[in-house]
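What follows is the residue order along each chain.
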Amino acid sequence: AQSVTQLGSHVSVSEGALVLLRCNYSSSVPPYLFWYVQYPNQGLQLLLKYTSAATLVKGINGFEAEFKKSETSFHLTKPSAHMSDAAEYFCAALNTGFQKLVFGTGTRLLVSP
Amino acid sequence: ETGVTQSPTHLIKTRGQQVTLRCSSQSGHNTVSWYQQALGQGPQFIFQYYREEENGRGNFPPRFSGLQFPNYSSELNVNALELDDSALYLCASSSTSGASYNEQFFGPGTRLTVL
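Definitions and cut-offs
- Residues numbered from 1 in each chain as written.
- Chains lettered and ligands numbered in written order.
- Predicted model: local features only at pLDDT ≥ 70, side-chain atom pairs only at ≥ 80, totals over all residues.
- Heavy atoms only, no water.
- Disulfide = S-S within 2.5 Å.
- Helix = DSSP H or I, 4+ residues; strand = E, 2+ residues; numbered from the N terminus.
- Salt bridge = Lys/Arg side-chain N within 4 Å of Asp/Glu carboxyl O.
- Buried < 20%, exposed > 50% of the residue type's maximum accessible area, 1.4 Å probe, protein only.
- Pairing = 2+ DSSP bridges.
- Contact = heavy atoms within 4.5 Å.
- Buried area = accessible area lost by both parts, 1.4 Å probe.
- Polar contact = N/O pair within 3.5 Å; in protein donor to acceptor, adjacent residues only side chain to side chain.
- pLDDT = per-residue confidence, 0-100.

1. Some thoughts on the state of the cysteines
Residue and element names in this part refer to chain A.
Stage number 1. Using the criterion set out here, one finds two disulfides over all chains in the structure.
Stage number 2. Two residues share a disulfide in this structure: Cys23 and Cys91, whose sulfurs sit 1.9 Å from each other. Looking down the S-S bond of the Cys23 and Cys91 bridge, the torsion is -60°, so its handedness is left-handed. Here Cys23 is found in the loop between β3 (19-21) and β4 (24-26), whereas its partner Cys91 is found in strand β10 (residues 87-94), with 68 residues between them in sequence.

2. Things to note about the pattern of salt bridges
Stage number 1. According to the stated counting rule, one finds eight salt bridges over all chains in the structure shown.
Stage number 2. The residue Glu88 of chain A makes a salt bridge to Arg108 of chain A at a minimum N-O spacing of 3.0 Å. Residue Glu88 of chain A is found in strand β10, and its partner Arg108 of chain A is found in strand β12 (residues 107-112); the two are separated by 20 residues along the sequence.
Stage number 3. On the basis of relative accessibility, which here comes to 12%, the residue Glu88 of chain A falls in the buried class.
Stage number 4. The partly exposed category is assigned to Arg108 of chain A, whose relative accessible area is 35%.
Stage number 5. With a shortest N-O distance of 2.8 Å, Asp85 of chain B and Arg63 of chain B are connected by a salt bridge. Pair noted here: Asp85 of chain B is in the loop between β8 (74-78) and β9 (87-94) and Arg63 of chain B is in the loop between β6 (53-57) and β7 (64-68), with a separation of 22 residues, a long-range link. Of the two residues examined, Asp85 of chain B and Arg63 of chain B, each falls in the buried class.
Stage number 6. The structure contains a network of salt bridges with shared partners spanning Arg63, Glu82 and Asp85 of chain B.

3. Observations regarding the pairing of strand β9 (residues 73-78) of chain A
All names here are of chain A.
Stage number 1. Most of β9 is tucked away: five of the six residues are buried.
Stage number 2. As paired elements, β3 and β9 share three bridges and run antiparallel to each other. Paired with Val19 across the two strands is Lys78, which belongs to β9.
Stage number 3. With five bridges connecting them, strand β8 (residues 64-68) and β9 associate as antiparallel partners. The residue of β9 that forms the bridge with Glu66 is His75.
Stage number 4. Counting the residues between successive antiparallel strands, the hairpin from β8 to β9 contains four residues, one of them, Thr72, with a positive phi of roughly 45°.

4. Brief notes about the interface of chain B and chain A
Interface extent is often summarised as the accessible area lost during association of the parts.
Stage number 1. Counting residues at the interface gives 26 residues for chain B, matched by 19 residues for chain A.
Stage number 2. In total, chain B and chain A occlude about 1,600 Å² of area from one another, counting both sides; carbon and sulfur atoms represent 51% of this.
Stage number 3. Inspection of the region where chain B meets chain A yields one salt bridge.
Stage number 4. Residue Glu103 of chain B is joined to Lys49 of chain A by a salt bridge in which the shortest nitrogen-to-oxygen separation is 2.6 Å.
Stage number 5. Seen at the junction of chain B and chain A, the total is four residue pairs in polar contact (both at pLDDT 80 or more).
Stage number 6. Listed by contribution, the elements that provide at least two residues to the side of chain B that touches chain A are β4 (31-37), β5 (44-50), β6 and β9 of chain B.

5. Comments concerning the confidence of the model for chain A
Stage number 1. Across chain A, pLDDT averages 91, with 94% of residues at or above 70.
Stage number 2. Per-element averaging of pLDDT across chain A places β4 of chain A at the bottom with 91 and β3 of chain A at the top with 98.

6. Notes on the environment of Arg63 of chain B
Residue and element names in this part refer to chain B.
Stage number 1. What makes Arg63 buried here is its relative accessible area of 16%.
Stage number 2. The sequence separation of Arg63 and Ala80 amounts to 17 residues, and the corresponding C-alpha distance is 7.1 Å.
Stage number 3. Beyond its immediate sequence surroundings of up to four residues, Arg63 is in contact with Asn77, Val78, Asn79, Ala80, Leu81, Glu82 and Asp85.
Stage number 4. Side chain to side chain, Arg63 and Asp85 meet in a polar contact 2.8 Å long.

The following block contains the structure:
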């Protein structure tokens, strides 16, 4: 069965520092992959998605992610953190067959001044 | 373009009661999926509806049931509520065609508390 692993339940960075949130998937066939952000008491907002068109995917708010098949990874990065980036981030994979998203456990990003 | 809406935003029920949560899908979307997000966890897939039929189900008991209507809106019903059903319930709509195929758009969720 498809699974997604996010390393690190919490990541702390200073404002202006590099953001790196890790995600690994388990699948013999690379799935579609997504990163979502969730602000407190809100739903999920799509940051970016990988659908096999390009391995480096650019998303909203300056985020990007690189798909690496050899490492089964899809890590999320942002060159310079902003205070408004503080939120919960979820990596998810889409099962082929029907549109069921499988989520990781999430990483809370903390940004300090 | 109207996004995904859910009602109510918050709900408090007691154990054993029944609850109905509602979701209006985004314009042009024909598929609705429901997820349960317990505190501090990632969302878990409950089930999906396409053309008013259940199109896949996660590891949830039969007391979790749903409906999809001709206008593609949907309901999630939970019978015999248990304390562990306390969670944020998220609805997501998607389309089986077009540029945003395979992309799910989430509503703000309904926070259910079971006492």
